[in-house]
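# Notes for the structure review
Take a look at the letters that make up each chain.
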2 protein chains.
Amino acid sequence: MSLGSSAVPVSAPGLTPASSGAAAAAPGPQISHHRLDNGMEVVVIPDHRAPVVTHMVWYRNGSADDPLGKSGIAHFLEHLMFKGTRNHPQGAFSEIVAELGGQENAFTSNDYTAYYQRVPKEHLRVMMGFEADRMTNLVLTDEIVAPERDVVLEERRMRTDGDPGSQLSEAVHAALYTHHPYGKPIIGWQHEIESLSREDALAYYERFYTPENAILIVAGDVEAQEVLALARETYGAIPARGEAPQRRRPREPGPRAHRIVTLADGKVEQPTHQRVYLVPSYRTGAPGEAEALEIAAHLIGGGPTSLLYRKLVMEERVAVSAGAYYYGTALDDSAFYTWTVPAPGVTLEQLDAKVEALIAGMGRAPVAGEDLARAKMRLVADAVYAQDNQSSLARWYGAALTTGETVEAVRTWADRIDAASGADVQAAMAKWLTRKRCVTGYLTPEDAQDDAQAES
Amino acid sequence: MSLGSSAVPVSAPGLTPASSGAAAAAPGPQISHHRLDNGMEVVVIPDHRAPVVTHMVWYRNGSADDPLGKSGIAHFLEHLMFKGTRNHPQGAFSEIVAELGGQENAFTSNDYTAYYQRVPKEHLRVMMGFEADRMTNLVLTDEIVAPERDVVLEERRMRTDGDPGSQLSEAVHAALYTHHPYGKPIIGWQHEIESLSREDALAYYERFYTPENAILIVAGDVEAQEVLALARETYGAIPARGEAPQRRRPREPGPRAHRIVTLADGKVEQPTHQRVYLVPSYRTGAPGEAEALEIAAHLIGGGPTSLLYRKLVMEERVAVSAGAYYYGTALDDSAFYTWTVPAPGVTLEQLDAKVEALIAGMGRAPVAGEDLARAKMRLVADAVYAQDNQSSLARWYGAALTTGETVEAVRTWADRIDAASGADVQAAMAKWLTRKRCVTGYLTPEDAQDDAQAES
């Protein structure tokens, strides 16, 4: 039986979430976008190179929509969606996918939860039938819920409690988002996972697993009319609920104080330094601002020609690794990451001062024309390349549509990147990448200052 | 017109909230504790030295009960409670208190909201009549609510936005409480105050301003039976709602990473250093634990004989001031504070390392018998002295009863302090005052590292 695995994005330096802002450079495939009578959206992305389809259903709810005190419920329900329904016993769906030689998975992020299968195209209708079935017919008993909760708790123990880097990431995000729920871990806080009940899961399921809240994305060797006809037969049979569920999230106040979070643990073999800045997302930024931050991330830490790598790793040799990443695909204000790994003998505090000076300098100096052109070319080339992967492309549209963007915005992304001027990029860095907006994270081996007292 | 002022406790180093754990050393006055038929509690504290009474009504709701996205509503409603009712025009209540030569005030804390008047004893019934009236008959129109919201916003601007120390305190608390609502400022986040509406205020008022949620405390030249008779005539006429409102708060996860919050601002004239530890309260601690922390605060930073003062101010001369405080009167896990002000030429980082070493040392070494005896004697003596003040005593009972303690617990507080052993105090310091559980706060003048970019 295949359990849904949870994508925990934006956590560790170096991790590149699939929901990057990169997207299709026009002219791309002829993407169609429809809505069924019950409110469910349907996006079809034709790709005729192989006789397969990627079938995904995305829900506009993620961990940031977990009710207060119920952190982890979005991810827990993702697990429970692999249990039986009124029509199919537990495991039947996964068995059929396996028998057909297909793949399946599921993931929970801050802003969305999604399920997908990749199968030979003639089995698309079967996938739709099963997926539509579990949108409304899930059966949850205490006998099902309790052991699965233990599975999730074990997952948390393995991923977080055994990994100082994950613990630091949790603490850094909690410090960055003092009020907004992006500060909660996607998998949930342990003591709250422990209290998640069958009733909690059912209430959450009934609130969010509705056609009005779902987006069907099919990429592959199919045509829009064919997909729409199948969707009407399967998903279209689910009654509308009347309106889409509301997401109610508080807004993060503007940060005023620089914060440093230090995690010291004997299991740490390689100290690391990170900086995380609170910045706008594609949805919350002014026009062009997210695009400028995307370019800024590339200039600051996108590969061996980037500022941090060139200065810290190659010239000064104070770091052995350095990078930056902008997580722009988010419903609310999001984060800009930099990370460095010190060379032997260099302290994290020394690295932090150097990173601060380099980034502050970027906000004061004009962006060189050749650097800007190279960054844009690389970003767009990456997008074109990624577009070549059927499921990557499907994931970009899913992530965009569940975070308040449109099909058109994704299609024109490359044009907007191209339109950004050096002054735009400099202004974005000067405005957003300031010391007050950022949390510095230090991951170090146990040090003398740290006591080994038992913690409750 | 007298506006309610808001007590914002536990914010600034050096501020001693009125809701200290100190209390009546037995034998104290004969305190009676009753409940009216509608659920309202009545506590009477006789004090016949002068012909006056302190009349207080406490509600079991504070800023930590503000609904998500509505921070500041508890405090805002405290302001609005000074507006008119169906029976009395705006200002009538305050005018009568003034005419009688009395005093009045109100305050909002994390866990409670309270209103009080101090008047000649013969006017107690009039106070009860007005206070009972505004428990149910408040009239709120947009014409009343909108200008008062501007008053609160101006209050926030004056207290917080103009004061770097308050800004640091907000950021430190937001870092300490990453999940629990004690991390929100009592006055609220500005952008959420701006959105508080008449409907929000009325919904909050109807939820919490009920007899089941209220505690009447009368201290002064009165007897219990007399107060009870008047309470039945006034408050007793308010219909019961059926049950007390629930407080729903998430629990803070155990901290794992040390955090440093730095606020640099040109308006800072005196740098300060603080450390705030997440620790149990009287309500959440194991038996004796809060009492041990109370003694620990005295040993670490309670006056000129305390560890921090003696070592840092007198011996090493690296600080010009130092102290500690335990905020034990809280419904949920609370905070233990230390603060120091550096001598000229000493950096905050240097002070922090010294404070860390001193406190860690306290957890490893036995408490000297004479130090323990002196700390206990001083704490109990302070309590006996404070008990001499009618309204202080009334406030202790109000704060205790609204944070889950009992009249009996307050009465036996001195005995429990006396019962704490040196081993108890050492164990509490070793367990709770660890680096991982704490947030370090630095308040500094604008420094070279800090940029002066405009922040959104």
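This one's a predicted model, so the numbers in the text were calculated from it and none came from an experiment. Sequence order sets the numbering: in each chain, residues are counted from 1 along the sequence as written. By the order in which they are written, chains take letters starting at A while ligands take numbers starting at 1. Confidence filtering applies because this is a predicted model: local features only for residues at pLDDT of at least 70, side-chain atom pairs given and counted only at 80 or more, and all residues used for totals across whole chains, interfaces and linings.

## Some points on the overall build of chain A
Put simply, the rule reads: Helix numbers and strand numbers start at the N terminus; a helix is a DSSP run of H or I with at least 4 residues, a strand a run of E with at least 2. Taken over C-alpha atoms, the radius of gyration is set against a globule rule of 2.2 Å times the number of residues to the power 0.38. With C-beta atoms placed from the backbone, a contact is any residue pair whose C-beta atoms sit within 7 Å.
What chain A contains, in helices and strands, is 16 helices and eleven strands. Taking 2.2 N^0.38 as the reference for a compact globule, 456 residues should give roughly 23 Å; the C-alpha atoms of chain A span a radius of gyration of 23 Å, in line with that estimate. Across its three principal axes, chain A shows a C-alpha extent of roughly 60 × 55 × 40 Å. Restricting to contacts in chain A with at least 6 residues of sequence separation, those with at least 24 account for 82%.

## Observations concerning the pairing of strand β2 (residues 41–46) of chain A
Residue and element names in this part refer to chain A. Note the cut-off: Here the C-beta atoms are placed from the backbone, and a residue counts as buried if at least 20 other C-beta atoms lie within 10 Å of its own, exposed if 12 or fewer do, and partly exposed otherwise. One bridge is not enough; two strands pair if DSSP finds at least two bridges between them.
Among the six residues in β2, five count as buried, and that is most of the element. Where strand β1 (residues 32–35) and β2 come together, four bridges link them in antiparallel fashion. Each residue of the ladder has a partner; that of H33, found in β2, is V43. Here β1 folds back onto β2, and the loop between the two strands holds five residues, one of which, G39, carries a positive phi near 100°. Of the pairings in the sheet, the one linking β2 to strand β6 (residues 214–220) comprises six bridges and is parallel in character. Looking across to β6, one finds that I45 is bridged to A219.

## Structural notes on the sheet that holds β2 of chain A
Residues and elements named next belong to chain A. Here is the rule: To define axes, lines are fitted to C-alpha atoms, for helices over the stretch in contact only, and angles between the resulting N-to-C directions are given on a 0 to 180 degree scale.
Strand order in the open sheet made by the six strands is β1-β2-β6-β3-β5-β4, with mixed pairing throughout. Two strands close off the open sheet at either side, each with one partner strand: β1 and β4 (103–108). On average, each strand axis in the sheet is tilted by 15° relative to the strand beside it, whichever way the strands run. Helix-sheet contacts for helix α3 (residues 124–136) involve β3 (52–59), β5 (113–120) and β6, and the interaxial angle to β3 is about 15°. Each of β2, β3, β5 and β6 is contacted by helix α13 (residues 390–401), which is oriented at about 160° to β6, the strand it contacts most.

## Some details on the relation of the copies chain A and chain B
Going by this rule: The superposition of copies rests on a least-squares fit of C-alpha positions from residues with pLDDT of 70 or more in both.
Between the two copies, chain A and chain B, the superposition gives an RMSD of 0.0 Å; the rotation angle is 180° and the shift along the axis is 0.1 Å. Here the symmetry operator amounts to a two-fold rotation axis. Closest approach to the rotation axis within chain A is made by the C-alpha atom of I260 of chain A, at a distance of 2.3 Å. Here 100% of the interface residues in chain A have copies in chain B that are interface residues too; the copies meet face to matching face.

## Observations regarding helix α11 (residues 348–364) of chain A
All names here are of chain A. Convention followed: Every helix has an expected span of 1.5 Å times one less than the residues it contains.
In this model, α11 (17 residues) spans 25 Å end to end at C-alpha, consistent with the 24 Å of a helix rising 1.5 Å per residue. Listed as buried for α11 are L348, L351, D352, K354, V355, E356 and I359. Among the structural elements, β8 (272–279), α9 (289–301), α10 (307–315), β9 (319–327), β10 (334–342) and β11 (438–444) are those in contact with the buried residues of α11.

## What about the packing of helix α1 (residues 73–80) of chain B against helix α4 (residues 142–161) of chain B?
Residue and element names in this part refer to chain B. Stated precisely, the cut-off is as follows: By definition in this entry, angles of less than 35 degrees are roughly parallel, angles greater than 145 are roughly antiparallel, angles of 65 to 115 are roughly perpendicular, and the rest are oblique. Helix crossings fall into two classes, left-handed where the near helix is turned counterclockwise from the far one by less than a right angle and right-handed where it is turned clockwise. Gly is put with the polar residues, along with every residue not named as nonpolar or charged; the nonpolar set is Ala, Val, Leu, Ile, Met, Phe, Trp, Tyr, Cys and Pro, and the charged set is Asp, Glu, Lys and Arg.
Packing of α1 against α4 leaves a shortest axis separation of 10 Å and a crossing angle of 120°. Compared by their axis directions, α1 and α4 come out oblique. Seen along the crossing, α1 lies across α4 with a hand that is right-handed. Residues H75, F76, H79 and L80 of α1 form the contact with α4, whose own contacting residues are V145, E148, R149, V151 and V152. For the contact of α1 with α4, the per-class residue count stands at five nonpolar, two polar and two charged.

## Considering the interface of chain A and chain B
With 41 residues of chain A at the contact, the number on the chain B side is 42 residues. Ranked by the residues each element gives to the side of chain A that touches chain B, the list is headed by strand β7 (residues 258–264) of chain A, at six residues. Looking at the side of chain A that touches chain B residue by residue, the class counts come to 14 nonpolar, 14 polar and 13 charged. The sheet contact formed by β7 of chain A and strand β7 (residues 258–264) of chain B spans five bridges and is antiparallel. Within β7 of chain B, the position partnered with T262 of chain A by the bridge is H258 of chain B.

## Considering the sheet that holds β7 of chain A
Pairing within the open sheet is mixed, and its ten strands lie in the order β9(A)-β10(A)-β8(A)-β11(A)-β7(A)-β7(B)-β11(B)-β8(B)-β10(B)-β9(B). Of all the strands in the sheet, just β9 of chain A together with β9 (319–327) of chain B have a single pairing partner and so form its edges. When strand polarity is set aside, the average angle formed by the axes of neighbouring strands in this sheet is 15°. Pairing analysis gives six bridges linking β7 of chain A to β11 of chain A, with the strands arranged parallel. Residue pairing across strands places A264 of chain A opposite T444 of chain A, the latter belonging to β11 of chain A. Along the sheet, helix α5 (residues 164–176) of chain A makes contact with β7, β8, β10 and β11 of chain A together with β7 of chain B, crossing β7 of chain A at roughly 160°. Each of β9 and β10 (334–342) of chain B is contacted by helix α10 (residues 307–315) of chain B, which is oriented at about 165° to β9 of chain B, the strand it contacts most.

## Brief notes about the pairing of strand β8 (residues 272–279) of chain B
All names here are of chain B. Across the eight residues that make up β8, a large majority, eight, are buried. Burial along β8 is two-sided: T272, Q274, V276 and L278 facing one way and H273, R275, Y277 and V279 facing the other are all buried. Here β8 runs beside strand β11 (residues 438–444); their pairing, made up of six bridges, is antiparallel. Within the sheet, the bridge partner assigned to R275 lies in β11 and is T440. Judged from the seven bridges that link them, β8 and β10 form a sheet pairing that is antiparallel. Each bridged residue has a counterpart across the sheet, and for H273 the counterpart in β10 is T340.

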